[in-house]
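Listed here are the chains, written in short residue letters.
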Amino acid sequence: MILEVDSRSTVPPYEQLRQQVSALVVGGVLAVGARLPSIRQLANDLGLAGGTVARAYRELESDGVVTTHGRHGTIVAGPPHGPSPSPGLLAAARRFAAEAREAGANLDDAVAALHVAYNLGRI
Amino acid sequence: MLAPVLVVTIIVVPWVVYRAYREVDDGFVAEWAGAHGLALSPENRPMVSWYLRTARLLRTWGAIGGLLLPTFCALAWSDHLEILGADSGGGVNPGDAMWIFVGYLVGALYAELALVRPVDQARRSASLVPRRLDDYLARRVWLAQRWLGGVVALGILVSLALPYDERFTVPSWVATVTFAAFVAAFTAGLEGVQRWLVRRPQPFTDPSLMAADDAIRSQSVHSLAGAGVSLLLFMGGGVCVLLAASDLAVLRWTMWLPAVVATVLALVACQYVGHRAWRVRRRADRPSETASA
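A. Examining helix H3 (residues 50-62) of chain A more closely. Residue and element names in this part refer to chain A. Taking 1.5 Å per residue, 13 residues should reach 18 Å; H3 reaches 18 Å between its end C-alpha atoms and fits that length. All buried positions along H3 are accounted for by Val-53, Ala-54, Ala-56, Tyr-57 and Leu-60. Across the axial projection of H3, the buried residues extend over an arc of 160 degrees, all falling on one side. In this structure, H3 carries Arg-58 and Ser-62 as exposed residues pointing more than 90 degrees from its buried face.

B. Structural detail: the side chain of Glu112(B). With respect to the secondary-structure elements, Glu112(B) resides in helix H4 (residues 98-114). Accessibility expressed as a relative area gives 0% for Glu112(B), which makes it buried.

C. Examining the interface of chain A and chain B more closely. Contacts between the two partners involve 25 residues from chain A and, on the opposite side, 23 residues from chain B. Across the chain A/chain B interface, buried area totals approximately 2300 Å², and carbon plus sulfur atoms make up 52% of it. Three residues stand out in chain A for area buried against chain B, namely Arg35(A), Gln41(A) and Asp45(A), and they jointly supply 30% of the buried area on that side. The tally of links between chain A and chain B comes to one salt bridge. The salt bridge involving Asp45(A) is made with Arg131(B); its shortest N-O contact spans 2.8 Å. Viewed at the interface, chain B and chain A are joined by five residue pairs in polar contact (both at pLDDT 80 or more). Of all the secondary-structure elements, those providing two or more residues to the side of chain A that touches chain B are strand S1 (2-6), helix H1 (13-26), strand S2 (35-36) and helix H2 (39-46) of chain A. Looking at which element gives the most residues to the side of chain A that touches chain B, the answer is H2(A), with six residues. Along the lines of polarity and charge, the residues of the side of chain A that touches chain B split into 13 nonpolar, six polar and six charged.

D. Structural context of the nonpolar core. Judged by nonpolar contacts, the single largest core of 49 residues is most densely connected at Leu137(B), Val183(B) and Met235(B). Contributions of two or more residues to this core are made by H4, helix H5 (133-136), helix H6 (139-160), helix H7 (173-199), helix H8 (207-244) and helix H10 (256-274) of chain B. At 15 residues, H8(B) tops the list of elements feeding residues into this core. Formed by 23 residues, the second largest nonpolar core is a distinct cluster that contains Val5(A), Leu60(A), Val66(A) and Val76(A).

E. Region of interest: the packing of H7(B) against H8(B). Residue and element names in this part refer to chain B. Packing of H7 against H8 brings their axes to within 9 Å, and their N-to-C directions diverge by 170 degrees. Relative to H8, the element H7 lies roughly antiparallel. Note on element contacts: H8 touches H7 through Arg-217, Ser-220, Val-221, Leu-224, Ala-225, Gly-228, Leu-231, Leu-232 and Met-235, opposite Phe-179, Val-183, Phe-186, Thr-187, Leu-190, Val-193, Gln-194, Leu-197, Val-198 and Arg-199. The residue makeup of the contact of H7 with H8, split by class, is 13 nonpolar, four polar and two charged.

F. Expanded view of the pairing of strand S3 (residues 123-127) of chain B. Across the five residues that make up S3(B), a large majority, four, are buried. The pairing of S1(A) with S3(B) spans five bridges and is antiparallel. Bridging from a neighbouring strand, Val5(A) pairs with Arg124(B) of S3(B).

G. Quick peek at the sheet that holds strand S4 (residues 74-76) of chain A. Residues and elements named next belong to chain A. In spatial order, the strands read S2-S4-S3; together these three strands make up an open sheet with antiparallel pairing. Because the sheet does not close on itself, it has two edges, and the strands there are S2 and strand S3 (66-68). In this structure, S3 lies alongside S4, joined through three bridges in antiparallel fashion. When the bridges of S4 are listed, Thr-67 appears paired with Ile-75. Lying over the sheet, H3 contacts S2, S3 and S4, oriented at roughly 115 degrees with respect to S3.

Reading the values: rules and limits
Note on numbering: residues in each chain are counted from 1, in written sequence order. Numbering of ligands from 1 and lettering of chains from A proceed in the order in which they are written. Local features in a predicted model are, by the rule used here, given only for residues with pLDDT of at least 70; side-chain atom pairs are given and counted only at 80 or more, and totals for whole chains, interfaces and linings are based on all residues. Side-chain descriptors were evaluated using all non-hydrogen atoms of the structure, hydrogens and water having been removed beforehand. Only DSSP runs of H or I covering at least 4 residues are called helices, and only runs of E covering at least 2 are called strands; the numbering of each starts at the N terminus. Between the first and last residue of a helix there are one fewer steps than residues, each counted as 1.5 Å, and that sum is the expected span. Exposed residues in this analysis have more than 50% of their type's maximum accessible area, buried residues have under 20%, and partly exposed residues fall in between, with area computed by a 1.4 Å probe over protein chains only. Here, the arc refers to the directions that run from the helix axis to the C-beta atoms. The contact definition used throughout considers only heavy atoms, calling two residues in contact when any of these lie within 4.5 Å. The term buried area means the drop in 1.4 Å probe accessible area that two parts suffer when joined, counted for both and summed. Any carboxyl oxygen of Asp or Glu that lies within 4 Å of a side-chain nitrogen of Lys or Arg is treated as forming a salt bridge with it. What qualifies as a polar contact is a pair of N or O atoms within 3.5 Å, subject to a donor-acceptor requirement within protein and to the restriction that residues adjacent in sequence count only when both atoms come from side chains. Ten residue types, Ala, Val, Leu, Ile, Met, Phe, Trp, Tyr, Cys and Pro, are classed as nonpolar, four, Asp, Glu, Lys and Arg, as charged, and the remainder, Gly among them, as polar. As used here, the term nonpolar core means buried Ala, Val, Leu, Ile, Met, Phe, Trp, Tyr and Cys residues forming a set that is joined through side-chain atoms within 4.5 Å. Working convention: axes come from line fits to C-alpha atoms, limited for helices to the stretch in contact. Angles between N-to-C directions cover 0 to 180 degrees. Put simply, angles under 35 degrees are roughly parallel, angles over 145 are roughly antiparallel, angles from 65 to 115 are roughly perpendicular, and the rest are oblique. Following DSSP output, two strands are said to pair if at least two bridges run between them.

Here it is in structure tokens:
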């Protein structure tokens, strides 16, 4: 369970964290009840300001992905509110993401390619 | 007293230095890794070898520096030769030995700080598994540190209230309270440094490097704990002697045994605690605990 923050990405670091943690929960990699690292640990490891990680945790909390239990830390509560991808769609997306990673594409490139492919499919 | 101590020092120090410079061969690395539950790989083996060799050298030189520090201070300020508390003027200051543990502790800390963890500035990564002191050091050890520090500080303060024979030179109450505060601060600082070491950035994404980093971190924390517990036990032995020197008969008869026990334990704790093999437990490996938290 590794988080990565790409400082060259156009997506802000807190949003990168939010998306990755959400994805790990939706994908079942992070189980409900799992404890997340403290804000300080994650900020230290990622070389980010504590406020950036705190904002990601706040966003995750408002999405219903995590709950904060004071000194007991931040605990995974469940998948984000709203529609979740079906298992079949998620599996297809994971295959595409794996191939995109292997090809050396970052998330922005992969999403752009997906937009193109999706629109081509309509024609 | 000085002559036998000098002879022993002249024999023991070169032997210790020789042992520190022994080669860290593959067998030694494999044995250490096995004891720490670490699977060696081509990626993590160089880091582990480097750490084991560097840490051993720095701990050894730290301890030797601690041994020689009082000697240099005595030569500089009093023209006396003083080794391990034995003074050429006939005096005895057994407290000098505690500097060996201080030096060992500093060496162990420096070894951990000297380990470079390469960081990709553009693409930073982190594990989502929390790191806690409990995972790297047995809870009973860091609780023992706290307990020992508290008892030693309390013992120092208790000595203020005891009657002493006029021939016995009692430290001033300012010095006594300052020393008690120092012991309390040292205990808190030791645990603080251990927690800080556990929190230091772990930028690896390769699982074998992360596992090696965990094992190394645990070894560093254990080395600090070993030296810290030894130091506290040594000071505890000194406090017992101070209490035994009081005019209270009950303390005169009962405090010598704990003084001897604490001093003997101080000599073995550094090795026993500091080199205890420990398999780092990460919370994610224990879903039942994370779920119930």
